[in-house]
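Listed below are the residues making up each chain.
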Amino acid sequence: TTEATIFPTNGPMSGRTTVKVQTIHVGLVQGCRFGDRFAQASQGSTSGLIFCTVPASSEAVVVEVIVLLHDGRELAVLGGYTYELDVIIDALDPSFGPSAGGTVVEVSGLAFQDTQNLMCRFQAGDPVPAQFFTSTAIRCDSPPGVPGLAAFEVSNNGIDFSESGTSFKYMEEPRLNRIIPSVVFSGRTASIRVIGQNFSPQFTYSCTFGSAEGNGIWIHASELECEVPALGRGNYSVSILFDDTA
């Protein structure tokens, strides 16, 4: 019996994972065996590289993996292979964020594993690392995305992703066009209208006047009401801040 290594070393009970087996020994491949289950195998383009398709399992268990060669040799895979419960996603909080990315998303579900390859995937983009808390709670930061609904899934091994049908909504970023009025009395609070685009009631808002800040209130998609703090005389640059943790 000859030893070999495998990647990934874990995957869902539903199977279908394509694992890479690496060994220094060369030979024609007949197949792979995961526990008592036979699986199809193929040889890679480099010497000693073998691909096996993991069969399904009825239980979450660690099994011995053997690569079967035509010359009768058997390659025993170090550490075997771990079948895990399929990942289930229950909810995202929040389930939306700006298209620029950076939203901290709390993910609740089942069967999350504390592995180096724990990943979140937003639409078809590159997966992003996830932070593990418990088997039912992880966290990940949204990458930049195109406005609209993005399919969201999680993987414990960085390869096999859940099939939950969960979505994360990328929002157009709010934009400020003008303010009404543009002049207020100094030394007293006031209220102004901010006219712009893409104001969503799902965000919380504030307005800045130089280094000072006042609360913002959503009116509709193109208007906010902003509180102006009591300021001294002068010209102040105005900008809007928004938060997706409403």
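Residues numbered from 1 in each chain as written. Predicted model: local features only at pLDDT ≥ 70, side-chain atom pairs only at ≥ 80, totals over all residues. Heavy atoms only, no water.

It is characteristic of soluble globular proteins that their nonpolar side chains tend to be buried jointly. Ranked by internal contacts, the top residues of the largest apolar core, which has 20 residues, are Val21, Phe34, Cys52, Val67 and Tyr81. Taken together, the elements giving at least two residues each to this core come down to strand 1 (2-7), strand 3 (18-22), strand 4 (29-34), strand 7 (49-53), strand 9 (65-69), strand 10 (74-77) and strand 11 (81-84). Residues within four places of Cys52 in sequence aside, it is in contact with Thr17, Thr18, Val19, Val21, Cys32, Phe34, Gln40, Ala41 and Val67. Grouped together as the second largest cluster of nonpolar side chains are 18 residues, Val105, Val128, Phe152 and Val154 included. (Core = buried A, V, L, I, M, F, W, Y, C linked by side-chain atoms within 4.5 Å. Buried < 20%, exposed > 50% of the residue type's maximum accessible area, 1.4 Å probe, protein only. Helix = DSSP H or I, 4+ residues; strand = E, 2+ residues; numbered from the N terminus. Contact = heavy atoms within 4.5 Å.)

One pass over the structure, following the stated rule, counts 5 salt bridges. The closest approach of N and O atoms between Glu163 and Arg16, which form a salt bridge, is 3.5 Å. Taken together, the positions of Glu163 in the loop between strand 19 (148-155) and strand 20 (166-171) and Arg16 in the loop between strand 2 (10-12) and strand 3 put the pair 147 residues apart, joining distant regions of the chain. Residue Glu163 is classed as exposed on the basis of its relative accessible area of 68%. In this structure Arg16 comes out as exposed when scored by relative accessible area, which is 54%. Glu223 is paired through a salt bridge with Arg193; the nearest N and O atoms lie 2.9 Å apart. Taken as a pair, Glu223 in strand 25 (residues 223-228) and Arg193 in strand 22 (residues 190-197) lie far apart in primary sequence, 30 residues in all. (Salt bridge = Lys/Arg side-chain N within 4 Å of Asp/Glu carboxyl O.)

Right, let's get into unusual backbone geometry. Cis geometry marks the peptide bond from Asp93 to Pro94, where omega comes out at -5°. On the secondary structure map, Pro94 appears in the loop between strand 12 (88-93) and strand 13 (96-98). Across the junction of Ile180 and Pro181, the peptide omega takes the value -10°, indicating a cis bond. Tracing the backbone shows Pro181 in the loop between strand 21 (175-180) and strand 22. A positive phi is found at Arg16, a non-glycine position, where the angle reads about 75°. Despite not being glycine, Asn198 shows a phi value in the positive range, around 65°. Locating Asn198 in the fold gives a position in the loop between strand 22 and strand 23 (204-209).

Before going further, it helps to spend a moment on the sheet that holds strand 17 (residues 131-134). Judged by pairing direction, the sheet is antiparallel, and its 4 strands sit side by side in the order 12-14-18-17 without closing on themselves. The open sheet has two free edges, formed respectively by strand 12 and strand 17, since each of these has just one partner strand. Strand-to-strand twist of the sheet, defined as the mean angle between neighbouring strand axes without regard to direction, takes the value 25°. Direction of pairing for strand 12 relative to strand 14 (residues 104-110): antiparallel, over a ladder of 5 bridges. Considered in strand 14, the bridge of Asp93 is made with Glu106. (Pairing = 2+ DSSP bridges. Axes fitted to C-alpha atoms, helices over the stretch in contact; angles between N-to-C directions.)

With that out of the way, let us pick up the packing of aromatic side chains. Given two aromatic rings, their pairing is described by the distance between the two centres and the angle made by the two planes. Inspection of the entire model under this criterion finds 10 aromatic pairs. Grouping aromatic residues by their ring pairs yields a cluster made of Phe96, Phe199, Phe203, Tyr205 and Phe242. Just above the ring of Phe161 sits the side chain of Arg121; from NZ or CZ to the centre is 4.1 Å. Positioned above the aromatic ring of Phe185 is the side chain of Arg188, whose terminal nitrogen or guanidinium carbon lies 4.7 Å from the ring centre. (Phe/Tyr/Trp six-rings, centres within 6.5 Å; stacked < 30°, edge-to-face > 60°. Lys NZ or Arg CZ within 6 Å of the ring centre and 35° of its normal.)

A few words on the sheet that holds strand 8 (residues 62-63). If you trace the 3 strands from one edge of the open sheet to the other, you get 2-11-8, paired in mixed fashion. In this open sheet, the two strands that pair with only one neighbour each are strand 2 and strand 8.

Now for the layout of surface pockets. Where empty space is left can be seen by rolling a probe of water-molecule size over the atoms. There is about 360 Å³ of room inside the largest pocket. Of the residues belonging to the lining of the largest pocket, the class tally is 13 nonpolar, 6 polar and 2 charged. Approximately 270 Å³ is the volume attributed to the second largest pocket. Around the second largest pocket sit 18 residues that line it, and Pro12, Ser14, Asp160, Phe161 and Ser162 are the ones nearest its centre. At the level of elements, strand 2 and strand 19 are the ones that each hand at least two residues to the lining of the second largest pocket. For the lining of the second largest pocket, the element with the highest residue contribution is strand 2, accounting for 3 residues. (1 Å grid on protein atoms, 1.4 Å probe; cavity = no way out; pocket = protein on both sides within 12 Å on 5 of 7 lines; lining within 4 Å. Points joined across faces, edges and corners; volume = space filled by probe spheres on them. Nonpolar A, V, L, I, M, F, W, Y, C, P; charged D, E, K, R; others polar.)

Moving on, we come to the state of the cysteines. Applying the stated criterion across every chain, the model contains 3 disulfides. The disulfide partner of Cys32 is Cys52, and the gap between their sulfur atoms is 1.8 Å. Note that Cys32 is positioned in strand 4 and Cys52 in strand 7, a separation of 20 residues in sequence. A relative accessible area of 0% places Cys32 in the buried class. Note on cysteine connectivity: Cys207 is disulfide-linked to Cys226, with sulfurs 1.6 Å apart. Taken together, the residues Cys207 in strand 23 and Cys226 in strand 25 connect sequence positions 19 residues apart. No difference in accessibility class separates Cys207 from Cys226, as the two residues are buried. (Disulfide = S-S within 2.5 Å.)

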